[in-house]
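Take a look at the letters that make up each chain.
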Amino acid sequence: MTDPLSPEEIDRYRRHIVLAEIGGAGQQRLKQANVLVVGAGGLGAPVIQYLAAAGIGHIGVIDDDTVSLSNLQRQVIHDTAGLGAPKVESAAAAVARLNPHVRFTGIAERLTVQNSADLLAGYDLLVDGSDNFDTRYTCADAAETAGIPLVTGAVGRFDGSLTVLKPYEAGADGTLYPGYRDLFPTAPPPGVVPACAEAGIVGALTGVIGTLMAMEVIKLVTGAGEPLVGRLLLYDGLAARFETLKYRRRNSGT
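To start, this report covers the structure provided alongside it.

Rules behind the numbers
- Residues numbered from 1 in each chain as written.
- Predicted model: local features only at pLDDT ≥ 70, side-chain atom pairs only at ≥ 80, totals over all residues.
- Heavy atoms only, no water.
- Helix = DSSP H or I, 4+ residues; strand = E, 2+ residues; numbered from the N terminus.
- Buried < 20%, exposed > 50% of the residue type's maximum accessible area, 1.4 Å probe, protein only.
- Axes fitted to C-alpha atoms, helices over the stretch in contact; angles between N-to-C directions.
- Parallel < 35°, antiparallel > 145°, perpendicular 65-115°, else oblique.
- Left-handed = near helix turned anticlockwise from the far one by under 90°.
- Contact = heavy atoms within 4.5 Å.
- Polar contact = N/O pair within 3.5 Å; in protein donor to acceptor, adjacent residues only side chain to side chain.
- Expected span 1.5 Å × (residues − 1).
- Arc of directions from axis to C-beta.

### Examining unusual backbone geometry
- Positive phi outside glycine occurs at Ala-240, with the angle close to 55 degrees.
- Within the secondary structure layout, Ala-240 lies in the loop between strand 7 (231-236) and strand 8 (241-246).
- Given a relative accessible area of 63%, Ala-240 falls into the exposed group.

### Section: the packing of helix 3 (residues 23-32) against helix 10 (residues 203-222)
- Between helix 3 and helix 10, the shortest axis-to-axis distance is 9 Å and the interhelical angle comes to 110 degrees. Here helix 3 is positioned roughly perpendicular relative to helix 10, judged by the angle of their axes. Here helix 3 runs over helix 10; the crossing is right-handed. Side by side, helix 3 and helix 10 meet where Gly-26, Arg-29 and Leu-30 of the first sit next to Ile-218, Val-221 and Thr-222 of the second.

### A few points about the environment of Arg-181
- On the secondary structure map, Arg-181 appears in helix 8 (residues 180-183).
- Each C-alpha atom, one on Arg-181 and one on Gly-84, is 36 Å from the other, the two residues being 97 residues apart in sequence.
- At a separation of 2.5 Å, a polar atom in the side chain of Arg-181 contacts the side chain of Asp-141.

### As for helix 5 (residues 87-98)
- In this model helix 5 runs 16 Å from its N-terminal to its C-terminal C-alpha over 12 residues, within 8% of the 16 Å that 1.5 Å per residue would give.
- Looking only at helix 5, the buried set comprises Lys-87, Val-88, Ser-90, Ala-91, Ala-94 and Val-95. One side of helix 5 holds all its buried residues, which, seen down the axis, span an arc of 160 degrees. The exposed residues of helix 5 that point more than 90 degrees off its buried face are Glu-89, Ala-96 and Arg-97.
- Considering only its buried residues, helix 5 is in contact with helix 4 (44-54), strand 2 (58-62) and strand 3 (103-107).

Right, dumping it as structure tokens:
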């Protein structure tokens, strides 16, 4: 059982605690939560920052890359002094500076089909901030098998999207919620979706989508609001426009 909030934590999270939708009980749930984030890059950076600031008790981060100069335009959890360091080490230092009440586990590996079950063990929720479809499908399959929610997001040059997946649960009508393959049945052929190194990406875009992903995690943990289950949130940065598309399970069998 997690220890009660200390006086220092009560002061730190006071703006959460006064919210009726979160309150002291919700803040305690945040403290008890174990959240695993795949990727400490453009999306993972704001996710990690805001989850640490929110008081998530244990944050695990999977990333096998190192900090490079071209990362710093968007991966705001890292800095110039950390160039060449493993991203999980840079992220750990940033979290420690921000909130000493958060326990951090850095995993300098790549999530694969073979290791996903072991890496997800003990976590309550998975956040996918990866930049390729292979990892996204692996995250989706692993979270569904583990029976934990998945918050997943993606970004392009000036646009992004995110959704929440809980395909192991049924809605009020008894139909199972959709999974990742109900939204994206197959990955696009190689080369169709260019990497950001080729196409470019505006750095602030990853902050918009990553922060929204962190918001969905906080909602899921505390029970506040309505998570984006069965809904895909789309953001067009150039037009400053949000749209929400509903999607359902392709096979309605339970």
